[in-house]
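In case you want the letters, here they are:
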Amino acid sequence: MNNTTAGSSSKVRPGSSQPSETSLKRKRGMFQKDLQHMMYGFGDDQNPLPETVALAEDIVVEYVTDMVHKAQDIASKRGKLLTEDFLFLIRKDLPKLNRCTELLSMNEELKQARKAFEVDEEKLASID
């Protein structure tokens, strides 16, 4: 009989970049306020149960940690973690991929706008 209680994600592969269980300790409640606001925005009560927020936080942190480990495994061949590694991981989930590319392009536009604004300020300062 196979033991199905231990999933493949809980096993550390030799040579993988996944840390041990003890190094995964984190400060609990770090994202609680943000999650409460997000949950309210998606239709939950304005003050959701603390247990619900804690569960949502655990799920989010586990998902993000898993994605980072997978991206590190992909990037280990190259030696450098890039944004494209995360895009590669979500390539089959089109809504996530589209949202990520949209946010990345908006971030680039904001950088360009800030850069142009700083240049304009420098020109105005040099005129005075």
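Residues numbered from 1 in each chain as written. Predicted model: local features only at pLDDT ≥ 70, side-chain atom pairs only at ≥ 80, totals over all residues. Heavy atoms only, no water.

The chain carries the name Transcription initiation factor TFIID subunit 13 in an unreviewed UniProt entry, which gives Sesamum latifolium as its organism. Under the UniProt heading Subcellular location (unreviewed entry), the entry covering the chain gives this text: "Nucleus". Listed under Sequence similarities (unreviewed entry) in UniProt, the entry text for the chain is "Belongs to the TAF13 family." (UniProt positions renumbered as here; feature names shortened; annotations may be inferred.)

Caption draft 1: A look at the side chain of D85. Structurally, D85 is set in helix α3 (residues 83-89). Assessed through its relative accessible area of 3%, D85 is described here as buried. Excluding its chain neighbours within four sequence positions, the residues that come into contact with D85 are A71, I74, A75, R78 and K80. (Helix = DSSP H or I, 4+ residues; strand = E, 2+ residues; numbered from the N terminus. Buried < 20%, exposed > 50% of the residue type's maximum accessible area, 1.4 Å probe, protein only. Contact = heavy atoms within 4.5 Å.)

Caption draft 2: The arrangement of the side chain of E57 in detail. Assignment of secondary structure puts E57 in helix α2 (residues 50-75). At a separation of 3.1 Å, a polar atom in the side chain of E57 contacts the main-chain amide nitrogen of F31. (Polar contact = N/O pair within 3.5 Å; in protein donor to acceptor, adjacent residues only side chain to side chain.)

Caption draft 3: Spatial organisation of the packing of aromatic side chains. Applying the stated criterion to the full structure yields 0 aromatic pairs. Positioned above the aromatic ring of F88, the side-chain terminus of R91 is 3.9 Å from the ring centre. (Phe/Tyr/Trp six-rings, centres within 6.5 Å; stacked < 30°, edge-to-face > 60°. Lys NZ or Arg CZ within 6 Å of the ring centre and 35° of its normal.)

Caption draft 4: Seen up close, the packing of helix α1 (residues 32-41) against α2. Running from N to C, α1 and α2 cross one another at 105°; their axes reach a closest spacing of 10 Å. Considering their axes alone, α1 and α2 lie roughly perpendicular with respect to each other. Side by side, α1 and α2 meet where Q32, L35, Q36 and M39 of the first sit next to T52, V53, A54, A56, E57 and V60 of the second. When its residues are assigned to classes, the contact of α1 with α2 shows 6 nonpolar, 3 polar and 1 charged. (Axes fitted to C-alpha atoms, helices over the stretch in contact; angles between N-to-C directions. Parallel < 35°, antiparallel > 145°, perpendicular 65-115°, else oblique. Nonpolar A, V, L, I, M, F, W, Y, C, P; charged D, E, K, R; others polar.)

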